Amino acid sequence: MRLHPKRLWIGALLALVVAVPVAHGQDGDGASAPPPVELVADRAEVDEAEGISVYRGDVVLTRGALRITGDVMRVFSNGAGELEQVTVDGTPATYRETVADAAPRRAEAPRMEYFVAGPERLILKQGGRLWQGDNTVTGRTVTHYPETARTVAESGADDDERVNVSVNPATD
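Predicted model, so just to flag it, every value in this text is computed and none were measured.

Here we take up the overall build of the protein chain. Looking only at helices and strands, one finds zero helices and 13 strands in the protein chain. When the helices and strands of the protein chain are read in sequence order from the N terminus, they spell out β-β-β-β-β-β-β-β-β-β-β-β-β. Expressed as a percentage of the 172 residues in the protein chain, the buried residues total 34%. Contacts in the protein chain between residues at least 24 apart in sequence constitute 38% of all its contacts with a sequence separation of at least 6. Summing over all exposed atoms, the protein chain offers an accessible surface of approximately 10,200 Å²; the carbon and sulfur share of this is 48%.

On the secondary structure map, Arg-105 appears in strand E7 (residues 105-115). A polar atom in the side chain of Arg-105 sits 3.4 Å from the side chain of Gln-132.

Another aspect to go through is the environment of Val-86. Following the sequence through the fold, Val-86 ends up in strand E6 (residues 83-97). Val-86 sits in the buried class, given a relative accessible area of 1%. C-alpha of Val-86 to C-alpha of Phe-115: the two residues are 29 residues apart in sequence and 6.6 Å apart in space. Apart from residues lying up to four places away in sequence, Val-86 is in contact with Leu-61, Met-73, Arg-74, Val-75, Met-112, Glu-113 and Tyr-114.

This part takes up the packing of aromatic side chains. A complete count under the given rule lists zero aromatic pairs for this structure. Directly above the ring of Trp-131 sits Arg-129, whose terminal nitrogen or CZ lies 3.5 Å from the centroid.

Rules used in this analysis
- Residues numbered from 1 in each chain as written.
- Predicted model: local features only at pLDDT ≥ 70, side-chain atom pairs only at ≥ 80, totals over all residues.
- Heavy atoms only, no water.
- Helix = DSSP H or I, 4+ residues; strand = E, 2+ residues; numbered from the N terminus.
- Buried < 20%, exposed > 50% of the residue type's maximum accessible area, 1.4 Å probe, protein only.
- Contact = heavy atoms within 4.5 Å.
- Areas by Shrake-Rupley, 256 points an atom, 1.4 Å probe, with all protein chains shown as cover.
- Polar contact = N/O pair within 3.5 Å; in protein donor to acceptor, adjacent residues only side chain to side chain.
- Phe/Tyr/Trp six-rings, centres within 6.5 Å; stacked < 30°, edge-to-face > 60°.
- Lys NZ or Arg CZ within 6 Å of the ring centre and 35° of its normal.

Read these as spatial facts, not as claims about activity.
Right under this line is the structure:
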């Protein structure tokens, strides 16, 4: 019996190991303390009691080698004021991470979620693209785990939203 592709389990995942692991959470000098978070926007609303900040208008978040941009960004922190999660909407929202001895890791999607721990991960939603050099992963939802250099991509509900992966051999 041949199953039609639309009847296959939509939640099937593709794991792709990105070639360059990263010692994330460290500054370039190997220090274990995370670098400070810097935010720039047209408007900011900060609720320290709840640990939530909302930034609007050409928002840029930087933290060491990490840069996230978008139109609206919600930043969640714990009781000690430490960054826990960022959600960003944009046209598109973008992510860039400088990686030692490799091309920068980049991503774009209409919506992103970045989690600092549990484990650290970047989730691209509503159709995202993650790439480093010539290697690219696209899908309806793409989840990247920087600490383990692991990427999981999911397709959408129809044949037009399939996962696409392009891996090019390393050249010396």
